[in-house]
Amino acid sequence: MKRMIIILLRNPLSLLGVILVSLVVLSAIFADFIAPFPDHRGAVVDFVHFNQGPTSRNYMGTDLVGRDLFSRIIYAFRISLILGVVVLAIATPVGTFVGLFAGYLGGKVEFILMRLTDVFLSIPPLVLAIAMMGVLEPTLMNAMLAVTVMWWPWYARLVYNIARSEREEGYVLAAEVIGASNIHIALREILPNCLPAIITKMTLDMGFVIIIASSLSFLGLGVQPPTPDLGSMVAEGARYLPDSWWLTVFPGLAILIAVFGFNLIGDALREILGADQ
Amino acid sequence: MLPVLHLLARRLGISLIVLVGVSMLIFGIARVIPGDPARIALGPNATVEQVTNLREELHLNDSIVVQYGYFLADLLKGELGISLYTNRPVTTDIAQFLPATLELVIFAGILMVGIGLPLGIASARYRGRWPDHVIRLVSLLGVSAPSFVWAVILMLLFAFYLPIFPIAGRIADTYEITRVTGFLLIDTLLAGNFSAFGDALRHIILPAFALAVSGIGQAARLTRANMVETYDKPYIEMAHAFGFSARRIANKFAFKPSMIPSLTIIGLDFAAMLGNAFLVEAVFAWPGLSRYGVAVILRKDLNAIIGTVLIISATFLIVNLIVDLMIALLNPRIRYSQRGST
């Protein structure tokens, strides 16, 4: 663990990733202290300063009702990160167990579980989430639910592939010979060998979840105003291009910075852990 | 050739099972919606009698299994019901809007392969030197933002600040093109109207590129990773020893085996683009299926939602089938043995 952190901090690119992610995470946690206008995350109106470009008062300009964009972006990071953590905290274990048992047990279990996974995987990810949000009320909880439902099959597929090749390894045979139970072999013997790939995928997925969630709210199917969300901020601002460019450019760059940071770390982890699919 | 046909039949069978599964899933999602579909369809002014009649007509009083049976029977007749949004059969709507989306996605797919693969090849060939670093950084940036962000940025740069490309739509209103295939780039050529073709081409470039950016990044990253792996194989060393040029080794010996894992992911990226088309079409006011999809979703138009998702999934399965076939043709080991269930 310690060795891994040292390697991460030595490489300039992964160092950049660590810095970007730290910035995003810290500003989300301490938003109340960093944001110049903390109350602007809600339904505040300030018509004296509405729709202004970047100034020394509002570093990223103000929106159509005069709220400080910089403050709103910082609070939007909070929503994105919470969503990402919750989605991965549910989707990863579910997908891992499905893939693990399908891959190790084989036979009918494998056929049923993997065909089920295929069904989910054959609807383009965003389309499934959009369809679910179409019938659900657009709230943060439901957005998390929709993204989780589309996310677990990817872990199932990843772990399934590893488990299927591990099942032929000598150590599994050895465990079977001494009479270890299926559950013991799956969880204690095979699972540890899947962990590097799972951890790498989770880091890269943090960025993807942020992308998908912001895409949903971009279409008006995610978190609703006045709660600040990067996707809905871009959607709202896009109607006022090119004059009020700051309305779209800054929230767009905010997404780019957060996702880029997670991707840089994920890439470095993949190289360190040697966890290619 | 026979094993390939066998493979095709097997994959086709699995795809059909999966498609039935998809229809169940979507049907299930659409039926757990709170509220009465008949009431939603008729609006708040309908009488109780009208609602009761429509419930009877839509088989809403039967169990969900029976309802699904009716739905499947209609589907086999090629009927997907009436859209509440346009008041037309859903199949008519889809036939009208699908070509625009397919044209956009296919064009973006060509950009993805045409730009992403060469970038990946160059990156692997100059591994560890500056072109490699630049390409890796750019392609990582490419996958780090949703396509609507790229769409907005490209629009700002190349439609507003440098007015090279049009801002929205598929073609200028002044052109009247008879619809043959629904693909404007083809229809304009069939009509022999080259200025209309040029105009359609100018319209498609920005949205297609916005849609392709993350796919280009993905393709480049993947191709690089696979080629770097191939470069370490002994037969590449032998090719060096035989004195083949670096370019020939890159393009011939290292590229082909590296393509096989890349192709699967490219198929998945194509699927992602079918979804991301929802975002890009919204920015560029592209009159495609995705814009229709968002419209019907916001109106909770169930028939249209089910139809749209089904047709997108079917398209996706067809693409994957083609990808699998290409892999089988490229890889002799798979060509002559059975590919596993992956």
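Here the structure is a predicted model, which is why all the values come from computation and not from measurement.

With that settled, the discussion passes to the overall build of chain A. Of the regular secondary structure elements, chain A holds 11 helices and 0 strands. The order of α-helices and β-strands along chain A, N terminus first, is α-α-α-α-α-α-α-α-α-α-α. Seen through its principal axes, chain A has C-alpha atoms that stretch 75 × 45 × 30 Å. Within chain A, buried positions represent 51% of all 277 residues.

In this assembly, 44 residues from chain B lie in contact with 36 residues from chain A. With 9 residues, helix 11 (residues 246-284) of chain B is the single largest residue contributor to the side of chain B that touches chain A. Of the residues in the side of chain B that touches chain A, the class split is 36 nonpolar, 7 polar and 1 charged.

What follows deals with the confidence of the model for chain B. All names here are of chain B. When pLDDT is averaged along chain B, the result is 83; 95% of the residues meet or exceed 70. By mean pLDDT, helix 14 (residues 332-335) is the weakest element of chain B at 61, and helix 7 (residues 147-161) is the strongest at 92. Confidence drops under pLDDT 50 across residues 338-342; counting only partners more than four residues distant or on other chains, this segment forms 5 contacts. In the predicted complex, the global pTM is 0.86; the interface-specific ipTM is 0.87.

It is the contact of helix 6 (residues 125-135) of chain A with helix 13 (residues 302-330) of chain B, at a shortest axis distance of 11 Å, that shows an interaxial angle of 170°. By the angle between their axes, helix 6 of chain A is roughly antiparallel relative to helix 13 of chain B. Along the contact surface, helix 6 of chain A presents Val127(A), Ala131(A) and Gly134(A), while helix 13 of chain B presents Ile305(B), Val309(B) and Ile312(B).

All names here are of chain A. The residue methionine 60 is located in the loop between helix 3 (31-34) and helix 4 (69-105) in this model. The class of methionine 60 is buried, set by 21 C-beta atoms lying within 10 Å. Considering only alpha carbons, one finds methionine 60 and proline 251, 191 residues apart in sequence, at a separation of 9.4 Å. The contacts of methionine 60, once residues within four sequence positions are left out, are Pro54, Leu69, Phe70, Ile73, Trp246 and Phe250.

A few words now on the packing of helix 9 (residues 182-218) of chain A against helix 11 (residues 246-273) of chain A. All names here are of chain A. Where helix 9 meets helix 11, the axes come as close as 8 Å, and the angle between the chain directions of the two elements is 165°. The orientation of helix 9 relative to helix 11 falls into the category roughly antiparallel. Here helix 9 and helix 11 pass one another in a crossing that is left-handed. Residues Pro196, Ile199, Thr200, Thr203, Leu204, Met206, Gly207, Ile210, Ile211 and Ser214 of helix 9 pack against Ile255, Ala258, Val259, Phe262, Asn263, Ile265, Gly266, Leu269, Arg270 and Leu273 of helix 11. Of the residues assigned to the contact of helix 9 with helix 11, the class counts are 13 nonpolar, 6 polar and 1 charged.

So, how was this worked out
- Residues numbered from 1 in each chain as written.
- Chains lettered and ligands numbered in written order.
- Predicted model: local features only at pLDDT ≥ 70, side-chain atom pairs only at ≥ 80, totals over all residues.
- Helix = DSSP H or I, 4+ residues; strand = E, 2+ residues; numbered from the N terminus.
- Buried ≥ 20, exposed ≤ 12 C-beta atoms within 10 Å, placed from the backbone.
- Contact = placed C-beta atoms within 7 Å.
- Nonpolar A, V, L, I, M, F, W, Y, C, P; charged D, E, K, R; others polar.
- pLDDT = per-residue confidence, 0-100.
- Axes fitted to C-alpha atoms, helices over the stretch in contact; angles between N-to-C directions.
- Parallel < 35°, antiparallel > 145°, perpendicular 65-115°, else oblique.
- Left-handed = near helix turned anticlockwise from the far one by under 90°.

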